[in-house]
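Single-letter residue listing:
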Amino acid sequence: MHDIRAIRENPSAFEAALARRGLTGISTEILTLDSARRAKILASETATAAQNAASKEAGAAKARGDDAEFNRLRGLVAEKKSETAAMTLEADQLDRQLRDLLLTIPNLPLDEVPDGPDESGNVEIRRWGSPRNFDFIPREHFEIAGVKPGMDFETAAKLSGARFVVLKGAVIRVHRALAQFMLDTHIEEHGLLETWTPVLVKEDAMYGTNQLPKFAEDSYQTTNGWWLIPTSEVTLTNTVAGDLLDESALPIRMTAHTQCFRSEAGSAGKDTSGMLRQHQFEKVEMVTICTPDAALAEHERMTNCAQAILEKLEIPYRTIVLCTGDMGFGSQKTHDLEAWLPGQNKYREISSVSTCGQFQGRRMNARFKVPGGKPEFVATLNGSGLAVGRCLIAVLENGQQADGSVELPAVLHHYLGGKTKIAASGVLE
RNA sequence: GGAGAGGUGGCAGAGUGGUCGAAUGCGGCGGUCUCGAAAACCGUUGUCGGUUUGCGCCGACCCAGGGUUCGAAUCCCUGUCUCUCCGCCA
């Protein structure tokens, strides 16, 4: 959410930044609403002050036993009261309208973010590793002989429908190994705090990390009003909601491995084969809470944490900066990591690392202060480190052999009881 | 699910109808003392909104939302969260 004062002080800068995301004319609407709101607040507070004064006099009259005066003032208070109530109602409505409007406006891109209408405007900033030369036509993950016995879409469809999978045997063991490996690396080498969170949350949390109010159709809600998190960015970030932290507590760098749930509304027909795009998947997430000054450096740091995972797994990847037209709603700047998938002959997104500046901090009312200083909203960052299912795909496709077996990355071996490959039969050996 | 207790400032914790934005302690900030520090002592210290060039003034906030009252942290109702006991249970 944006600071109304900043918009008021410099509407043209606000407008110009939003224009880079393809939005125009919003500042006029905001400022009109804001001045109406402020006028109403002034009127309502003036009326309240008069009511309070009369009420105080009434109390004094009563105390000295002047019943006539007391009764006169009591009538006056009653009169003022209805006037106050009406105006306060209007002021509250306008205040709410403004807030509701502000909640639907995306974050402003940083100056350094490239302009562009959609993903075609993204800019590659790093490329690591080189795709292997196959002396056979590499298959997609679900086509590999050694993978097939452990990746069962038919049974999943019976249980739950499309976009679900049942994983078995060697495949799920590698999946589990990947998650453990990611967590251990983040904890031991990157200094992140391992955290475990609920996956069902209250509405407020979904507002805090901007899934709501605009993207309700992308997530699932239970019959009693909880939301299933689409990412543990929601829970990790909201751990500080409403808090006033001491600056010395920052940065807070967390990681969590959770299930994630997404309706994938609007992506019908996209990535329908294999387990690239599922309603339920696992992700190891990274979230940092820090001061606004530190956010950009933390963004680089977090990007490096995600890249380190792919490098240790020896998966070729590239890092891109998303352009203004492709960035998420809450982001000021986003790096996407795309892993090489030989089966698709493409780089595909496996991680997205964003800094949100104070955008979410303001929504959550999460603040920090230096001793003796004024409270300020915290900055927040989030990034996948990594999507476990997609990482599994990358490991399987990159490690596949002509005979249908899969060689597994060395860093996973000790998580697999010393086993190094999935045989063409589907057995770990 | 049943019964009970409770949610007060950064933290702990008083306050059961006006003089309470709220005692006290801790913490923070400033000072005295000291070569310096500690201790001790003195002073100071909530947040948000509106308004003002500024000093300041006004309004709101004691979990949230309603209500009673001239007046609510305090009384009533609803919700919510926490704790204790019982039941059930991975």
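Residues numbered from 1 in each chain as written. Chains lettered and ligands numbered in written order. Predicted model: local features only at pLDDT ≥ 70, side-chain atom pairs only at ≥ 80, totals over all residues. Heavy atoms only, no water.

1. Focus: the pairing of strand E11 (residues 317-321)
In terms of burial, E11 is largely enclosed, as four of its five residues are buried. In the sheet, E11 pairs with strand E12 (residues 333-341) via five bridges, with the strands oriented antiparallel. Following the sheet pairing, Tyr-317 is matched in E12 by Ala-339. (Buried < 20%, exposed > 50% of the residue type's maximum accessible area, 1.4 Å probe, protein only. Helix = DSSP H or I, 4+ residues; strand = E, 2+ residues; numbered from the N terminus. Pairing = 2+ DSSP bridges.)

2. Regarding the protein's contact with RNA strand B
Near RNA strand B there are 22 residues, and of these Arg-8, Glu-45, Arg-74, Lys-81 and Arg-367 occur at the shortest range. When atoms of RNA strand B within 4 Å of the protein are split into backbone and base, the sugar-phosphate part holds 77%. The side chain of Arg-8 places a nitrogen or oxygen atom 3.1 Å from a phosphate oxygen of RNA strand B. Of all the elements in the fold, those that place two or more residues in the surface near RNA strand B are helix H1 (4-9), helix H3 (26-63) and helix H4 (67-103). A per-element tally of the surface near RNA strand B places H3 first, with eleven residues. (Near = heavy atom within 4 Å. Polar contact = N/O pair within 3.5 Å; in protein donor to acceptor, adjacent residues only side chain to side chain.)

3. Some thoughts on the state of the cysteines
Inspection of every chain in the model, using the stated rule, returns zero disulfides. No disulfide involves Cys-290; its nearest neighbouring cysteine sulfur is the one of Cys-356, lying 11 Å away. Judged by relative accessible area, Cys-290 falls into the buried class, the value being 1%. Cys-290 provides the cysteine sulfur closest to Cys-305, a residue in no disulfide bond, and the two sulfurs are 13 Å apart. (Disulfide = S-S within 2.5 Å.)

4. Here we look at the domain arrangement of chain A
On domain assignment, one finds that chain A holds domain 1 (4-103) and domain 2 (119-422). On a C-alpha basis, the centres of domain 1 and domain 2 stand 44 Å from each other. The interface of domain 1 with domain 2 comprises four residues on the first partner and eight residues on the second. For the domain 1 and domain 2 pair, buried surface summed over both sides reaches about 580 Å², with 46% attributable to carbon and sulfur atoms. Broken down residue by residue, the surface that domain 1 buries against domain 2 is led by Arg-20, Arg-21 and Leu-103, which jointly contribute 90%. If you look at where domain 1 meets domain 2, you find five residue pairs in polar contact (both at pLDDT 80 or more). A class-by-class count of the residues in the side of domain 1 that touches domain 2 yields one nonpolar, no polar and three charged. (Domains from an automatic or database assignment. Contact = heavy atoms within 4.5 Å. Buried area = accessible area lost by both parts, 1.4 Å probe. Nonpolar A, V, L, I, M, F, W, Y, C, P; charged D, E, K, R; others polar.)

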